[in-house]
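Results of the structural survey
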Amino acid sequence: MASTTTIKLALFSVLTLLSFLAVVSVTPLHFQHPLDPLTKEEFLAVQTIVQNKYPISKNKLAFHYIGLDDPEKDHVLRYETHPTLVTIPRKIFVIAIINSQTHEIVINLKVRSILSDNVYNGYGFPILSINDQEIANELPLKYPPFIASVNKRGLNLSEVVCSSFTMGWFGEEKNIRTLRVDCFLKESTANIYVRPITGITIVVDLDLRKIVEYHDRDIEAVPTAENTEYQFSKQSPPFGPKQHSLTSHQPQGPGFQIKGHSVSWANWKFHIGFDVRAGIIISLASIYDLEKHKSRRVLYKGYISELFVPYQDPTEEFYFKTFFDSGEFGFGLSTVSLIPNRDCPPHAQFIDTYLHSADGTPILLKNAICVFEQYGNIMWRHTETGIPNESIEESRTEVNLIVRTIVTVGNYDNVIDWEFKASGSIKPSIALSGILEIKGTNIKHKDEIKEDLHGKLVSANSIGIYHDHFYIYYLDFDIDGTQNSFEKTSLKTVRIKDGSSKRKSYWTTETQTAKTESDAKITIGLAPAELVVVNPNIKTAVGNEVGYRLIPAIPAHPLLTEDDYPQIRGAFTNYNVWVTAYNRTEKWAGGLYVDRSRGDDTLAVWTKQNREIVNKDIVMWHVVGIHHVPAQEDFPIMPLLSTSFELRPTNFFERNPVLKTLSPRDVAWPGCSN
C-alpha cells in the first residue's frame, strides 16, 4: 500500500503537469517546433492583425521587426521531452513605427489577437527598413544642390548611385531619425564602393523624407575604375592561378538528416532558427554520449548578438561611421542567397527562409542557409616506434558538419559558420570579404602624404580607412542542465626555493568560481587562463565537474576611449568575455533600439546589477574582434580574412569520445589505383 507521502508526491506531480498544460496548448498532432522561424503564413497573419487595428488608409505604418517572442525556456525544454503532447502558443514580437511613434506589439497567433501594444518613448530607433534606405538613396539624385555638385566635378549624374549610412550619436539632445547619404560613381565598374564622391555631406530626415542638411566642402579626385571590376563577365584574360577541378561523391548519401529545422548528424542534434535581426540561430545542441547511452545538452541557444564596426577617421567625412550592423541594419534582413557550388560545396543541402518588407509582406529568401559535411582533416592519430619489433600507425579521418550563412551589409560580406565536431567541439567562425570602405584623395603615392590619412593608401586616390570588426556572440550554455557556473583557471608560475628539485620553477593552476557578473568580466590575453562553464552538480567518475571551455581567437580590444560616444554605445566590447544571469529579454548586447542609441540599454548596463551566477542558469557573451589595417591585397575586393573560436568539452566525457570512431570507408573510383 502506498504511503501518504508517496500519494501526495504523485498528486503534486499530476497537478504540476496540469498546471503546465494550462500554460501551453495540447494537440495530438504537432509539426512546428516552437523555435522554428516564422512562416509565410505567420508573417501574413501578423500583417493582417496589425493592419486591422491600424488601417493603412488612415495610418502611416511600417514594420521594422517581426520575430518570435521567445517562449519560456522551461516550456521549450518540456516540449523537447514531450513533443507529441505539448505545443507552445506562437507569440510574435513586433516593432512598428506608426504615425511616427515606435510601437512594441505582442501577438498571440493561435487566437489571432494583440496581447499588448505599448509605445516606446526612450532613445534610439529600430532596425532600418529597406524602404527607409531606398527613399533616402533616391533623394540626392533629385536635389538641385547635389546635382550642381556633381556637375561641378564634371561627373555624369546618370552614373551616380547613393547609399545610406546610420549616423550614430554624438551627444545631440534631439532624438530624430536621420541618415547620412554618400554617393558613388558606377561608371565603368560595378565596384561602386571604391569610387566615392568625396567632400559632400547629405543628411536625410526619415520622417520628413527630405534632405535637411547639405554641405559641399572640398573636391577630391574620384578614384579610377581601372582594375576594380570583380565580375567575371566583365574581366579579360589572363586569368590565374589555375585551379584544378574536384568532384565530391557521397555513395551512402549525406551523413546528416534535416527534418523541418532540426538537424541530426553523427552524435549531434540541434535546431536551426532564423531571425530578421540575429540571422541564423543555433539552439538545443545536444551530443550523444556513447558510454552513458544518452543525449546530453550543451548549448540552449547561440547567435551573433551584435557587430560593431567603428571606423577610425574623425573628420567630417567619416566620424559618424561607427556602425552596429545587426541592430541598425539587421543580420537577418541582410542575409543573402548562397550560391550553390561556390558558397557551399556540391553536396550541401539548402534551407530557405522568409523575411519581411516594411509593409509586413513576407519575402522568400532561397538558399539562406546551407548544411554540409567537410572531409579531409585528422581527428586523432599516433605513430608508435617505442615498442621493440613493432610499428604502429593509427589515424582517424575527421568529418565535420558545417552550417553556413552569409550576411552582406553594404560593402562587407560576412561568412558565418557553425562547425560541429564528433569529438564534441563547436567551432563558430567568421570570414570577411567584400569591399573596403574607401575615401577619395588627390594623393597618388605614399611620398605625397603630409598628415595622418587615418588609413592606408591602397591604390592611387584611394585610402582604405582603419576600422574594427567586433562580433559579440550570445552563448546560452546548458551543460547537462540549466544550473551552471563559470570558472577561471589561472596558470601561475611557482619558484622552487627550498632546494627540493634541480628545477627552479614550474607552473600550476588556480581555479576561481565567478560569484557575480562583475567577477566574470574577462579581458583575454593579459595572463594565461582557462575559461570554463561547468555544471557543479554533475561530476565524472574521478570527481571532475563536467564542462565546456572557451578557446578564444587572437583577442582584440577596443582602442577608443571609454568616454567616446561610439564606445559608450559599444561598451559591450570593453571585455572579451561576460557572463550574465539568464534573462529571456536580454538578447541584444547593443540594446533593443540601436539606431541613434545612447548606450543606456547594453550588456555593460545590465551587468551593473551584478547578479549572482553560481549554480544558476547563465549566459556567456564572447567578443571576437579584428583590427583591420587595410593592405593593397584587400583592394579592390578582399580575399577572405577569417577568425574563429572553439567551445571544447572539458571533463564532459569520461575519455576521448571518438576513441572508437572509425574513418569513413574508402571509395574505389573507376580508373584509380591505391
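Here the structure is shown first, and the text comes after it.
So, here's what we can say about the structure. (Residues numbered from 1 in each chain as written. Predicted model: local features only at pLDDT ≥ 70, side-chain atom pairs only at ≥ 80, totals over all residues. Heavy atoms only, no water.)

A closer look at the overall build of the chain
Test applied: Strands are runs of DSSP state E lasting at least 2 residues, helices are runs of H or I lasting at least 4, and numbering of each runs from the N terminus. For every residue, the accessible area obtained with a 1.4 Å probe (protein chains only) is divided by the maximum for its type, and the residue is called buried under 20%, exposed over 50%, and partly exposed between those limits. In this analysis, two residues are considered to be in contact whenever any of their non-hydrogen atoms come within 4.5 Å of each other. The method behind every accessible area is Shrake-Rupley, applied with a 1.4 Å probe, and residues are considered shielded solely by the protein chains displayed. Positive charge is attributed to Lys and Arg, negative charge to Asp and Glu, and no charge count is given to His or to the chain ends. Note on charges: their place is set at NZ of Lys, CZ of Arg, CG of Asp or CD of Glu.
For the chain, the helix and strand inventory stands at eight helices and 33 strands. C-alpha extents for the chain along the principal axes are approximately 90 × 70 × 70 Å. For the chain, with 674 residues in total, the buried portion stands at 51%. Put simply, 68% of the contacts in the chain that link residues at least 6 apart link residues at least 24 apart. Summed over all atoms, the accessible surface of the chain reaches about 32500 Å², with 52% contributed by carbon and sulfur. Within the chain, the 77 negative side-chain charges are centred at a point lying 4 Å from the centre of the 68 positive side-chain charges.

Section: helix 4 (residues 130-138)
Cut-off, in case you're wondering: Working definition: the arc comes from the directions between the helix axis and the C-beta atoms, pointing outward to the latter.
Every buried residue of helix 4 is accounted for by Asp132, Gln133, Ala136 and Asn137. Looking straight down helix 4, one finds its buried side chains confined to an arc of 125°; they lie on one side. Looking at the packing, one finds that the buried side of helix 4 touches strand 2 (61-68), strand 7 (160-166), strand 8 (178-185), strand 9 (200-205) and helix 6 (325-329).

Observations regarding the sheet that holds strand 6 (residues 113-120)
Our working rule: Two strands are counted as paired when DSSP detects at least two bridges linking them. Angles shown run from 0 to 180 degrees and are taken between the N-to-C directions of axes, each axis being a line fitted to C-alpha atoms and, for helices, limited to the stretch in contact.
Pairing is antiparallel across the open sheet formed by four strands, whose spatial order is 2-4-5-6. Strands with a single pairing partner mark the edges of an open sheet, and in this sheet they are strand 2 and strand 6. Strand-to-strand twist of the sheet, defined as the mean angle between neighbouring strand axes without regard to direction, takes the value 20°. Relative to strand 4 (residues 91-98), strand 2 runs antiparallel, the two being bridged by seven bridges. Paired with alanine 62 across the two strands is isoleucine 97, which belongs to strand 4. Each of strand 2, strand 4, strand 5 (101-108) and strand 6 is contacted by helix 2 (residues 40-53), which is oriented at about 135° to strand 2, the strand it contacts most.

Regarding the packing of aromatic side chains
For clarity, the threshold we go by: Stacked, edge-to-face and tilted are the three classes for Phe, Tyr and Trp ring pairs, Trp counted by its six-membered ring, which pair at centre distances within 6.5 Å; planes under 30 degrees apart are stacked, over 60 edge-to-face, the rest tilted. A ring is considered to have a charge above it if a Lys NZ or an Arg CZ atom is located within 6 Å of its centre and within 35 degrees of its normal.
Applying the stated criterion across every chain, the model contains 28 aromatic pairs. Consider the rings of tyrosine 311 and phenylalanine 323, whose centres lie 6.1 Å apart with planes at 70°: the pair is edge-to-face. Taken together, the positions of tyrosine 311 in the loop between strand 15 (294-310) and strand 16 (322-324) and phenylalanine 323 in strand 16 put the pair twelve residues apart, joining distant regions of the chain. Where tryptophan 418 meets tyrosine 473, the ring centres are 5.9 Å apart and the plane angle is 75°; that geometry is what we call edge-to-face. One end of the pair, tryptophan 418, is in strand 20 (residues 412-421); the other, tyrosine 473, is in strand 25 (residues 467-477), and 55 residues separate them in sequence. Residue tryptophan 418 is classed as buried on the basis of its relative accessible area, which comes to 1%. Judged by its relative accessible area of 0%, tyrosine 473 is buried. Taken together, the ring pairs in this structure connect Phe165, Tyr311, Phe318, Phe323 and Phe329 into an aromatic cluster. The ring of tyrosine 582 is capped by lysine 73, whose NZ or CZ atom sits 4.4 Å from the centre of that ring. Its end group placed over the ring of phenylalanine 653, arginine 296 keeps NZ or CZ at 6.0 Å from the ring centre.

A short note on the sheet that holds strand 8
Strand order in the open sheet formed by four strands is 7-8-9-10, with antiparallel pairing between adjacent strands. Strands at the two margins of the open sheet, each flanked by one partner only, are strand 7 and strand 10 (210-216). Taken over all neighbouring pairs, the strand axes of this sheet differ in orientation by 30° on average, direction set aside. By the bridge criterion, seven bridges tie strand 7 to strand 8 in an arrangement that is antiparallel. Across the sheet, phenylalanine 165 pairs through a bridge with arginine 180, a residue of strand 8. Of the strands in this sheet, strand 7, strand 8 and strand 9 touch helix 4, which is tilted by about 130° from strand 7.

Observations regarding the environment of threonine 508
Within the fold, threonine 508 resides in strand 27 (residues 505-513). When near neighbours in sequence (up to four residues on either side) are disregarded, threonine 508 contacts Ser490, Leu491, Lys492 and Val494.

Digging into the pattern of salt bridges
Worth spelling out the cut-off: Put simply, a salt bridge is a Lys or Arg side-chain nitrogen that is within 4 Å of an Asp or Glu carboxyl oxygen.
Counting across every chain of the model gives 37 salt bridges. When the shortest N-O distance is used, the salt bridge between aspartate 70 and lysine 587 registers 3.3 Å. Here the residue aspartate 70 occupies a position in the loop between strand 2 and helix 3 (73-81), and lysine 587 occupies one in the loop between strand 30 (577-581) and helix 8 (603-606), the gap between them amounting to 517 residues. On the basis of relative accessibility, which here comes to 14%, the residue aspartate 70 falls in the buried class. Salt-bridge contacts for lysine 439 lead to aspartate 313; the nearest nitrogen and oxygen are separated by 2.9 Å. Here the residue lysine 439 occupies a position in strand 22 (residues 438-440), and aspartate 313 occupies one in the loop between strand 15 and strand 16, the gap between them amounting to 126 residues. Note on lysine 439: relative accessible area 14%, which makes it buried. Look at the salt bridges and you will find they share partners, linking Lys73, Arg297, Asp476, Asp478 and Asp617 into a network.

Some points on the state of the cysteines
Counted only if it meets this: The disulfide criterion is simple: two cysteine sulfur atoms within 2.5 Å.
In the structure shown here, the tally under the stated rule is two disulfides. Two residues share a disulfide in this structure: cysteine 162 and cysteine 183, whose sulfurs sit 2.1 Å from each other. Here the disulfide of cysteine 162 and cysteine 183 is right-handed, its torsion about the S-S bond being about 95°. Of this pair, cysteine 162 sits in strand 7 while cysteine 183 sits in strand 8, placing them 21 residues apart in sequence. Both residues of the pair, cysteine 162 and cysteine 183, count as buried. The partner cysteine of cysteine 344 in its disulfide is cysteine 370, sulfur to sulfur 2.2 Å. Across the S-S bond linking cysteine 344 and cysteine 370, the dihedral sits near -90°, which makes this disulfide left-handed. Note that cysteine 344 is positioned in the loop between helix 6 and strand 17 (349-356) and cysteine 370 in strand 18 (residues 362-384), a separation of 26 residues in sequence.

Some remarks on the nonpolar core
As a rule of thumb, soluble globular proteins bury nonpolar side chains together. Filter applied, for reference: To define a nonpolar core, start from buried Ala, Val, Leu, Ile, Met, Phe, Trp, Tyr and Cys residues and group those joined through side-chain atoms within 4.5 Å.
In terms of nonpolar packing, the biggest core is built from 132 residues, with Ile272, Val403, Trp418, Phe420 and Phe486 touching the most fellow members. In terms of nonpolar packing, the next biggest core, distinct from the first, is built from 25 residues, Tyr54, Phe63, Val76 and Ile88 among them.

With respect to helix 5 (residues 144-152)
Among the residues making up helix 5, those that are buried are Phe146, Ser149 and Val150. What you see down the axis of helix 5 is that its buried residues fit within an arc of 100°, all on one side. Looking at helix 5, the residues exposed on the side facing more than 90 degrees away from the buried face are Pro144 and Asn151. Those residues of helix 5 that are buried are in contact with strand 7, strand 8, strand 9 and strand 10. Positioned one or two residues after helix 5, glycine 154 has a phi angle of 75°, which is positive.

Topic: the environment of asparagine 175
Put simply, the rule is: Two N or O atoms count as a polar contact when they lie within 3.5 Å, although within protein this holds only if one can serve as hydrogen donor and the other as acceptor, and sequence-adjacent residues are included solely when both atoms are side-chain atoms.
Along the polypeptide, asparagine 175 turns up in the loop between strand 7 and strand 8. In the structure, asparagine 175 is positioned 150 residues away from aspartate 325 in sequence and 20 Å away in space, judged by C-alpha atoms. Ignoring sequence-local partners within four residues, the contact set of asparagine 175 consists of Gly122, Tyr123, Gly124, Phe125, Arg596 and Arg598. Here the side chain of asparagine 175 touches glycine 122 through a polar contact of 3.3 Å, landing on its backbone oxygen. Side-chain polar atoms of asparagine 175 contact the backbone nitrogen of glycine 124, separated by 3.4 Å.

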